[in-house]
Amino acid sequence: MNSIADNISAVQQRLQHALRGAGRNSDSVQLLAVSKTQPVAAIRAAERAGLKAFGENYLQEAEQKIAQLQSPGAPLQWHFIGPLQANKTRRAAELFDWVHSVDRLKIAQRLAAQRPAALAPLNICLQVNIDDEPSKAGLRPAELAEVAAAVATLPGIRLRGLMAIPKPRAAIEQQRAPFAALRVLRDSLNKQLTALQQQPMDTLSMGMSGDLEAAIAEGATIVRVGSDIFGARAPLR
Ligand SMILES: *Cc1c(COP(=O)(O)O)cnc(C)c1O
């Protein structure tokens, strides 16, 4: 088995190759290491290999790991990327720098109200159900304009962008279509936000181990990579 450091350098090479292929700057995408189900020791190994941003899906698990990994000198950046219930928003607002999985206005309103005043605004992405799958979380594209306009005015949070988890597709040409759709949505919402004198969104959180090249070709600014960094996960709870 490869070490986590070897895996990270292989993923970084894939990122650089994809960025060059798309004519993009080498620093125009952030690698978010998805550490759900991984022990603290694995996160420390990734940190030693240079990664600073970690993504977690389960609040209770994340809370314990964040506490154990606290280091005042070199703080890690924590991104919540899992399903978020309304009764868990307070802990998310206290613990995280980013929440990528906001899928209704009520969740954004609660995060805004519960973000501690001493912390910088919480960065949020609206999760979009880009393939319109009945079983999947996320706003439908038709709902986005209204929700984005309302979210953009909330204090305590900053609307940074859109996030999606398309259904798996084998070939890169097919993988690109939903990512392109997310980019087009972001660009058209930005016109609306600018007209409302709100900040435009700078983030597209899209691409995972199996489709990060396609996501980068379509403009991803954050790719969320788990198994290609840490190895296969135990079955999800
Ligand atoms: C688990 C997860 C990932 C990482 O998936 P891999 O295929 O292991 O890279 C990315 N995003 C979200 C929202 C996830 O839940």
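So, how was this worked out
Residues numbered from 1 in each chain as written. Predicted model: local features only at pLDDT ≥ 70, side-chain atom pairs only at ≥ 80, totals over all residues. Heavy atoms only, no water. Near = heavy atom within 4 Å. Polar contact = N/O pair within 3.5 Å; in protein donor to acceptor, adjacent residues only side chain to side chain. Areas by Shrake-Rupley, 256 points an atom, 1.4 Å probe, with all protein chains shown as cover. Helix = DSSP H or I, 4+ residues; strand = E, 2+ residues; numbered from the N terminus. Phe/Tyr/Trp six-rings, centres within 6.5 Å; stacked < 30°, edge-to-face > 60°. Buried < 20%, exposed > 50% of the residue type's maximum accessible area, 1.4 Å probe, protein only. UniProt positions renumbered as here; feature names shortened; annotations may be inferred.

A. Representation of the site of the ligand in the model. Around the ligand, the surrounding shell consists of Val34, Lys36, Asn57, Ile81, Ile165, Met208, Ser209, Arg224, Val225, Gly226, Ser227 and Arg233. The side chain of asparagine 57 places a nitrogen or oxygen atom 2.7 Å from an oxygen atom of the ligand. Note that an oxygen atom of the ligand is positioned 2.8 Å from one of the backbone N or O atoms of glycine 226. In isolation the ligand has 390 Å² of accessible area, and contact with the protein removes 89% of it.

B. Representation of the environment of alanine 45 in the model. Tracing the sequence through the fold places alanine 45 in helix 2 (residues 40-48). Separated by 60 residues in the primary sequence, alanine 45 and leucine 105 place their C-alpha atoms 37 Å from one another.

C. Representation of the packing of aromatic side chains. In this structure the tally under the stated criterion is 2 aromatic pairs. Here the aromatic rings of phenylalanine 80 and phenylalanine 96 are separated by 5.3 Å at their centres, their planes lie at 70 degrees, and the arrangement is edge-to-face. Of this pair, phenylalanine 80 sits in strand 3 (residues 77-80) while phenylalanine 96 is found in the loop between helix 4 (89-95) and strand 4 (98-102), placing the two residues 16 residues apart along the sequence. Residue classification places phenylalanine 80 among the buried residues on the basis of a relative accessible area of 1%. According to the relative accessible area criterion, phenylalanine 96 is buried, its value standing at 1%.

D. Expanded view of the UniProt feature "modified residue: N6-(pyridoxal phosphate)lysine" (unreviewed entry) in the chain. As annotated by UniProt and renumbered to match this structure, "modified residue: N6-(pyridoxal phosphate)lysine" (unreviewed entry) occupies Lys36. Following the sequence through the fold, lysine 36 ends up in the loop between strand 1 (30-34) and helix 2. On the basis of relative accessible area, lysine 36 is assigned to the buried category, the value being 11%.

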